[in-house]
Amino acid sequence: MEIPTKETTISPVDDVSFHINTGEILGVVGESGAGKSITGTAILGLLEPPGRVSNGEIIFDGKRIDNLPSEQMRLLRGAKIGSVFQDPLTSLNPLRTIGQQLTDTIKTHLPFTQNQAISHALDLLKEVGIPGAEDRISFYPHQLSGGMRQRVVIALAICAEPKLIIADEPTTALDVSVQAQITMLLRRLCDDRDAAIMLITHDMGVIAETADRVAVMYAGQLVEIGNVGDVLHGPRSPYTRGLMNAIPTIVSDTVELSQIPGAMPRPEEIPKGCPFHPRCISAIAKCKTHRPELVGDEHAKVACWLYEGENVNRIVHAEETARQRAVGRAETPELVESHAPFIKVAGLEKHFSVPTSFLSRLLRKSNRTVVRAVNGLDFVIASGKTMGLVGESGCGKSTAARVISGLYEPTKGNISFHHSSKSDGKNQNQSSQTHTDMQMIFQDPMASLNPRWRVTDIVAEFIPDRISKIERVGELLELVGLSPSDGAKYPHEFSGGQRQRISIARALGANPKFLICDEPTSALDVSVQAQILKLMVEIQRKIGLTYLFISHDLAVVRHVSNDVGVMYMGNLVEYGPTNEVFSSPQHPYTQLLLNAVPDITKIGISRHPIVGEIPNPLDPPKGCSFHPRCILATSQCKKEVPKAIVHLGVTIACHVVNQSRVEV
Amino acid sequence: MKIASRPTNRRSPKRIFENVLKSDIARSFLRSKVTILVGCITLIFVVTALFAPWMAPHNPYDPESISVMNSFLPPAWVEGADIRFILGTDPVGRDVLSAIIYGTRTSLGIGLASVILAATVGVTLGLISGYYGGGVDAFIMRIAEIQLTFPDILIALLVDGIIRSFLGPGHHGNISIFVVILAISLAYWVHFARVVRATTLVEKSKDYVNAARIAKKSSVYIMARHLLPNILGPVLVIATINLALAIVTEATLSFLGLGLPPTQPSLGTLIRVGNDYLFSGEWWIAIVPGAVLAVMGLSVNLLGDWLRDALNPKLR
């Protein structure tokens, strides 16, 4: 199968050629705006008019398919080409059962009767690993969890034995533990059925684990393509190299993340020559005028002028200089750093009552169903340090942030702030002190800035009145790496990363001592994430801020935090110094979570995914909330809630581990 | 969502004009011929209303210029017409064209004033309702829902009737215009309140509001500085559509004899006067103001429809 491709009108994809062999997974990787999804859509023949393939051809199974009439293409899709998209909820029709949707698709493409179709649907559900397929076949999509829904979508994609499956970010909307299950499923399908899979993702870890070959895209062009091992272990294009170094890993926290300056250009502003040259630290004159072609052998090809002639050393040299410069900057003297506790959270609980129907209130004795979003949280953050809070979605980490920030009232427990002795001298009012001392940075860079305000007004919002505001706004904008002249613009004129910088500048305007960061980089691309993380670390060094850093990304947390807490269903299951927790995780959940993170340094699947998914918070399991998914679970775990025990600086809430720890 | 042009550092008038032309709103305005047409018609009405004393050939308020001798003259293109009265005259000899020009002024003025009043009440209550939620929200919204079960015109009639019975017949002539404005705005605030409440519920959960709440900014500050600018888009749309409704409601009230007295020409009173003579051959007294009212209502309504679509990013 050969797919040399095409060019669209304002060219979000420009002259991309690649092929996928049967039984092979081609990973297409790139940051948002790289044109990877649109390439997938083009192959499916689903480009939204007026978008069209303006140049080149798509050849599938020896036949050209990009010029097929829509009716023939429709038959081809589903039968020969399957697709899996990012959001499993919108990919399924919410009004029909998964059984109906499966049998419909099966009967469209295969000459089956209703009964044959049903039995085929059952086989498919079993194949994609849905337990209790006989019951679940009559479920509606909302009755299934995210991971299960994605399995159903995959079952739909493979129902007619397609030769090619286009999977566009199939794991992005899922939690780490479920993500591992889905990538393993894709790999297995590919091997069992000898199908070709085009796996589009921004996650290098997923690529390392599942793909055979990888294509790296940038600004609508292919910059590098080759075998996974060759590309990930010896990336050649400066973009791929930068990208690889910008990804924090869970293995070590010592390596400084490298920086790719700037951000991906918009499709209408793609520069001439090599599209990457404005951000490339080793660009030469030719890069600005001439576009490089893909060159190289069977194993790996790269589009870069530096591989022509004597310029190869230039890349390594430029990277070395940049690294040294970064290290030089990092060695600025650190501010006074005390180990005194700055924030103490003790027994924090937050419960939400879920309104129940009148009837069920009559039938049950308790008139309220309570979700214990945060169920007993104890930790201390020392002044000038960073505490990381990790966990899968729904574990209560964001609720904890909101309670600590004061957006929610805690149900139980208290949060105390200890100010440095300097500010205590004046005996200021505690409540007025804490609110300016604390600021929060949010996940969504669009919703966290008022779209109707100018940047100057946004940044000035929390600056205390006595200081001359305009000067301070300029200072803050420079501190976060923007220019003071950006102040006249509105938020929508900035990219996601820049908006997050504005958010940080606004927070710093209040002269806070404590910053709560709720997933500050999860909406950003890898190279931009590295920039923001670095900025945050630099600001911490300069101003001596204390951070509470919340993220689902273990690698990011490992990179920035001194202490880390792992949350599961509202509880802190393991809490201790970052290095301890990451290098020798003890709680079974932490171990499995760390194991589930794809490792970009290892090729192929090397992990054991966690079985099952997070239980329904309305009906949590009795005893230890993790016991249904735990391999070590004993009968005690099913009855008693484990107590948190501190041993050698690490707090763990687990019957089995604590028993052995105390004995030793 | 962007209403006006993108402001830049270089703000020469020419550049601002160019930017306005380039903005999304202007582009969507120029794309549709119907929109351009109704835009022009509305503009003509507004100009006519503003400059009525200079545009009208006669002054309908000046008793000296009115002569019963000139009554029931037909429009210029009908036999027996007087060229001084292009659209003919009414039973007391007033020039119909002048009366319509002054009537447009009254109708638009009452429409605008009542929409502004309704919007102020509606936006305030909607914001409070959406932001605080709970009991306050339930109280305000129940009132709104109860009111919605009655037709708007019935509410306006009710309010009008109550105020009149309080004031007694003596004061009627002087303040009738304010009574009409109050009656219409009390009928229409609900439309604003409901939409503002819904938009507030969406906006208040956004993180920029959370940031302000963490910084312990006051509720009034958050509502006025953060929420208000972000709900003005939908408010503008309802205001335009309600302007057309308010003009028609005023005409209805006046037609029923509950709005303005016949001595103050509004489109409604003109139609009411003309209605008596509709079948006795003097059709122009009712038909011409009626047509003007229809065109005005339609134009403003279509303008509102366009604005709704232009401000809706999903339809763009």
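K.L.:
Give a description of the overall build of chain A that names residues and reports values.
P.N.:
What chain A contains, in helices and strands, is 25 helices and 23 strands. In chain A, which comprises 664 residues, the proportion classed as buried is 48%. Across chain A, every contact between residues at least 6 apart in sequence was considered, and the portion connecting residues at least 24 apart equals 68%.

K.L.:
If you had to explain the pairing of strand β17 (residues 438-441) of chain A to someone new, which residues and values would you point to?
P.N.:
It is a general feature of regular strands that their side chains alternate between the two faces of the sheet. Residues and elements named next belong to chain A. Neither face of β17 is exposed, since Met438 and Met440 on one face and Gln439 and Ile441 on the opposite face are all buried. Bridging between β17 and strand β18 (residues 514-518) involves four bridges; their strand directions are parallel. Directly across from Gln439, in β18, lies its bridge partner Leu515.

K.L.:
Quick rundown of the sheet that holds strand β8 (residues 196-201) of chain A? Include the residues and the values.
P.N.:
What links the strands of a sheet is backbone hydrogen bonding, and the strands pair in either a parallel or an antiparallel sense. Residues and elements named next belong to chain A. Pairing in this open sheet of eight strands is mixed, and the strands run β6-β7-β8-β3-β9-β10-β12-β11 from one edge to the other. In this open sheet, the two strands that pair with only one neighbour each are β6 (81-84) and β11 (295-296). Bridging between β6 and strand β7 (residues 164-168) involves four bridges; their strand directions are parallel. If you follow Gly82 over to β7, its bridge partner there is Ile165. The strands that helix α6 (residues 146-158) touches are β6 and β7; relative to β6, the one it contacts most, it runs at about 170°.

K.L.:
Quick rundown of the interface of chain A and chain B? Include the residues and the values.
P.N.:
At the interface, 19 residues of chain A touch 14 residues of chain B. With three residues, β17(A) is the largest single contributor of residues to the side of chain A that touches chain B. Of the residues in the side of chain A that touches chain B, the class split is 10 nonpolar, six polar and three charged.

K.L.:
Go over the confidence of the model for chain B with me, naming the residues and quoting the values.
P.N.:
Residue and element names in this part refer to chain B. Confidence in the prediction of chain B, expressed as mean pLDDT, is 83, and 89% of residues score 70 or more. Here residues 1-10 scores under 50 on pLDDT; set against residues more than four positions off or in separate chains, the count is 19 contacts. Under the prediction, the complex receives an ipTM of 0.76, its pTM being 0.80.

Rules of the game
- Residues numbered from 1 in each chain as written.
- Chains lettered and ligands numbered in written order.
- Predicted model: local features only at pLDDT ≥ 70, side-chain atom pairs only at ≥ 80, totals over all residues.
- Helix = DSSP H or I, 4+ residues; strand = E, 2+ residues; numbered from the N terminus.
- Buried ≥ 20, exposed ≤ 12 C-beta atoms within 10 Å, placed from the backbone.
- Contact = placed C-beta atoms within 7 Å.
- Pairing = 2+ DSSP bridges.
- Axes fitted to C-alpha atoms, helices over the stretch in contact; angles between N-to-C directions.
- Nonpolar A, V, L, I, M, F, W, Y, C, P; charged D, E, K, R; others polar.
- pLDDT = per-residue confidence, 0-100.

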